[in-house]
Amino acid sequence: MNDSQIKNWLLATDKDQQNLFKKACSVKEKTFGKRVWFRGIIEFSNICQNNCLYCGIRKGNKKQERFKMSPDEILSCLKFIDKADYGSVVYQSGEMTSNSFKNYLLEIVRLAHQNFPNLGITISCGEQDFEFLKALKEAGATRYLLRIETSNPKLYAKLHPAEMSWEKRFQCLKDLQKLDYQVGTGVMIGLPDQTIEDLINDLHFFVENKFDMFGIGPYVIHEDTPLSNDSEVQRWWHKNKSRNFNLSLNFLAVLRILQPNANIAAATACDVLSPLGRMKVLQIAGNVIMPSVTPQNYRNKYLLYENKPCIDENAEKCFYCLNQKIVRAGLRPIFGEQGNSPFFYQRKNV
Ligand code: SAH
């Protein structure tokens, strides 16, 4: 597929957009049918050493009260995931590289692996060194999500403080592949200064580097961050909500056509721009949903962006609500399966 075709698709509206969605959906259904896999996500800590300019839990946001769940609290969440039969857990948090954080993460991975040996375990805790990633794998983790955020190092530099490096993040993705993880990445869509060419290059970047899973969603403002503090960015963002939602859908549809067998998650941020945003993603391109199992009292402290949905709900309510929405969207919730990436097996020739 050449760049001008991709560009037309990314900008498609009306009938062209419907045709794109139809094509993506038929590609998706060839591999996955109408099946949707679950991962119960535990957002276990908002303590973060980084200062990403767009993120609400950045270290510099002094207004944000911090928390870290105890292993006992995590065990209760795991029991819920087991009862709900989601098949997989995702541990997500702010980024920390201290030894105490590493030991804690190893402890909770073992907790999951030893108590629930059939559970798929995914980690989403930022950039970590090779040895630690190896130890996590040995403890039972099999998948890792690390969004590159943008494939353009210059745009990356505008969104992150000088001490963070695109090359280091990319290296970490390579390390994960070397360690035989199923590796997920992604970008935010509708970032200030992001061009259509950037998005085209993101798609090439994904295909060339053979990623197994994707978590991709729109950028959403957060008042207490430097990026959204700019009133021009705020105005621009509000004005372009619908454009950015459509751009996200088109991007995911093209990605599905380019990577038929990869797992694509419907990001929660999609629901901020459109009430049934995640369901639209699942109808068009996605095959994975990550219901929050984070205890209710912590939900309003894990706000990467504003207007995050489901923060007044508990794990039980998210279970029923998402199930119902998935069925109403004409799709089929699948329980009791880890739902590993078919592309991973293809890549590994097994
Ligand atoms: N600290 C870990 C995981 C938590 S952040 C890491 O860095 O990987 C998870 C993802 O949330 C980020 O990769 C980013 O793409 C997304 N995110 C952060 N702030 C956001 C915002 N304002 N709008 C939309 N997505 C955001």
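Only a predicted model underlies this, so the values are computations on that prediction, with no experimental measurement involved.

*Asks:* What is the right way to look at the pairing of strand β3 (residues 88–93) in this model?
*Replies:* Each regular strand shows side chains that alternate between the opposite faces of the sheet. Across the 6 residues that make up β3, a large majority, 6, are buried. Going residue by residue along β3, you find S88, V90 and Q92 tucked away on one face and V89, Y91 and S93 tucked away on the opposite face as well. Where strand β2 (residues 40–45) meets β3, 5 bridges bridge the pair, whose relative direction is parallel. The residue of β3 that forms the bridge with G40 is V89. What joins β2 to β3 is helix α3 (residues 71–84), and the crossover it makes is right-handed. In this sheet, strand β4 (residues 120–124) lies alongside β3 in parallel orientation, the contact comprising 5 bridges.

*Asks:* What am I meant to see in the nonpolar core here?
*Replies:* Taken as a class, soluble globular proteins show a tendency for nonpolar side chains to be buried jointly. Counting residues in hydrophobic clusters, the biggest one holds 113 residues, and the most contacted among them are I42, F44, L78 and Y91. The element that contributes the greatest number of residues to this core is helix α11 (residues 241–258), accounting for 9 residues. Among all residues touching I42, those that are not within four sequence positions of it are M69, I74, C77, L78, I81, V89, V90, Y91, Q92, V293 and T294. In terms of nonpolar packing, the next biggest core, distinct from the first, is built from 10 residues, I41, M213, M290 and I334 among them.

*Asks:* Would you mind showing me how to read the packing of aromatic side chains here?
*Replies:* Aromatic ring pairs: the centre-centre distance and the angle between the two ring planes describe each pair. Tallied over the entire structure, the rule returns 20 aromatic pairs. Measuring from centroid to centroid gives 6.3 Å for F80 and Y86, while their planes differ by 70°, and the two rings are edge-to-face. Through a chain of ring-to-ring contacts, three or more aromatic side chains come together here, namely W166, F170, F205, F206, F211, F214 and F251. Here the guanidinium or amino end of K68 rests over the ring plane of Y104, the centre of that ring lying 4.1 Å away. The ring of Y181 carries K137 above its face, with NZ or CZ at 5.8 Å from the centroid.

*Asks:* Any chance you could explain the pairing of strand β6 (residues 182–185) here in plain terms?
*Replies:* Taking every second residue as pointing to the same face, both faces of β6 are buried, with Q182 and G184 on one and V183 and T185 on the other. Sheet topology note: the β6/strand β8 (residues 213–218) ladder contains 2 bridges and is parallel. Across the sheet, T185 pairs through a bridge with F214, a residue of β8.

*Asks:* Help me understand the side chain of N250 in this model?
*Replies:* When you line up the elements, N250 lands in helix α11. Classification of N250 by relative accessible area gives buried; the value is 1%. Reaching out from N250, the side chain makes a polar contact with the side chain of Q17 at a distance of 2.9 Å. In this structure, N250 is in contact with W9, L10, L11, A12, Q17, L20 and F21, ignoring residues within four places of it in sequence.

Criteria and cut-off values
Residues numbered from 1 in each chain as written. Predicted model: local features only at pLDDT ≥ 70, side-chain atom pairs only at ≥ 80, totals over all residues. Heavy atoms only, no water. Buried < 20%, exposed > 50% of the residue type's maximum accessible area, 1.4 Å probe, protein only. Helix = DSSP H or I, 4+ residues; strand = E, 2+ residues; numbered from the N terminus. Pairing = 2+ DSSP bridges. Right-handed = clockwise from strand over helix to strand, strands pointing away. Core = buried A, V, L, I, M, F, W, Y, C linked by side-chain atoms within 4.5 Å. Contact = heavy atoms within 4.5 Å. Phe/Tyr/Trp six-rings, centres within 6.5 Å; stacked < 30°, edge-to-face > 60°. Lys NZ or Arg CZ within 6 Å of the ring centre and 35° of its normal. Polar contact = N/O pair within 3.5 Å; in protein donor to acceptor, adjacent residues only side chain to side chain.

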